[in-house]
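Coordinates in review
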Amino acid sequence: MNDEKGKILLATLAGIGAGVAAGMLLAPNNGLDTRDSLKRTLTKVGDDLERTVKGFMDKLENRNVTDDGSSLIMRGSWDDVKGQLKKNYAELTEDDLTYMEGQEDELFGRLQQKLGKTKHEIMKLIKDL
């Protein structure tokens, strides 16, 4: 019985080894090319998924299924957005633009008060930067 298990294990390892060797010999590209191709493909899939989700969330917002801003997606970092807001609205201070994760409503409240815009307008403004 023990001899049979050894034979099965040896056959399995030989099969794995043969598969790896065949894969290396028959691979159309080298490892770097394969990784680059995979990265491009995954980036495209990620971009497509982001567009699909954004479109879906926009439709839900327009039908009043979700609250305004449920689909807020910023391009770039918060520092980039903050810099652009300061450039476009000189009256905004560093304190007005202080953002802490989970405290978005406080940020929107400060911006609404300072700019005299609705929450929806501010969210659109940030998304469009």
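Residues numbered from 1 in each chain as written. Predicted model: local features only at pLDDT ≥ 70, side-chain atom pairs only at ≥ 80, totals over all residues. Heavy atoms only, no water.

This part is about the overall build of the protein. When helices and strands are tallied, the protein shows five helices and zero strands. Starting at the N terminus, the α and β elements of the protein follow one another as α-α-α-α-α. Residues counted as buried form 19% of the 129 residues belonging to the protein. Taking the intrachain contacts of the protein between residues at least 6 apart in sequence as the baseline, contacts between residues at least 24 apart amount to 37%. (Helix = DSSP H or I, 4+ residues; strand = E, 2+ residues; numbered from the N terminus. Buried < 20%, exposed > 50% of the residue type's maximum accessible area, 1.4 Å probe, protein only. Contact = heavy atoms within 4.5 Å.)

Here we take up the nonpolar core. The biggest cluster of nonpolar side chains holds 14 residues, and the ones touching the most others in it are Trp78, Leu85, Tyr89, Leu92, Leu97, Leu111 and Ile126. For this core, the secondary-structure elements that each account for two or more residues are α3 (78-88), α4 (104-115) and α5 (119-128). Setting aside chain neighbours within four positions, we find Leu111 in contact with Leu92, Asp96, Leu97, Gly116, Ile122 and Ile126. (Core = buried A, V, L, I, M, F, W, Y, C linked by side-chain atoms within 4.5 Å.)

For α4, which comprises twelve residues, the first-to-last C-alpha distance of 16 Å matches the rise-based estimate of 16 Å (1.5 Å per residue) to within 8%. Those residues of α4 lying buried are Leu107, Phe108, Leu111 and Leu115. For α4, the arc enclosing every buried residue in end-on projection is 95°, short of the 170-degree limit, so these residues lie on one face. In α4, those exposed residues whose orientation departs by more than 90 degrees from the buried face are Asp105 and Gln113. Residues of α4 that are buried make contact with α3 and α5. Gly116 occupies a position one or two residues after α4 and carries a positive phi of about 70°. (Expected span 1.5 Å × (residues − 1). Arc of directions from axis to C-beta.)

All told, the structure shown has six salt bridges when counted by the stated rule. The residue Lys44 makes a salt bridge to Asp48 at a minimum N-O spacing of 3.0 Å. Remark: Asp48 and Lys44 occur in helix α2 (residues 31-62); sequence separation between them is four residues, near one turn of the helix. A salt bridge links Glu94 to Lys86, with the shortest nitrogen-to-oxygen separation between them at 2.4 Å. On the accessibility criterion, Glu94 (39% relative accessible area) is partly exposed. A network of salt bridges, in which partner residues are shared, links Asp79, Lys82, Lys86 and Glu94. (Salt bridge = Lys/Arg side-chain N within 4 Å of Asp/Glu carboxyl O.)

Counting through the fold element by element, Asp96 comes out in the loop between α3 and α4. The residues contacting Asp96, other than those within four sequence positions of it, are Glu91, Leu107, Arg110, Leu111 and Lys114.

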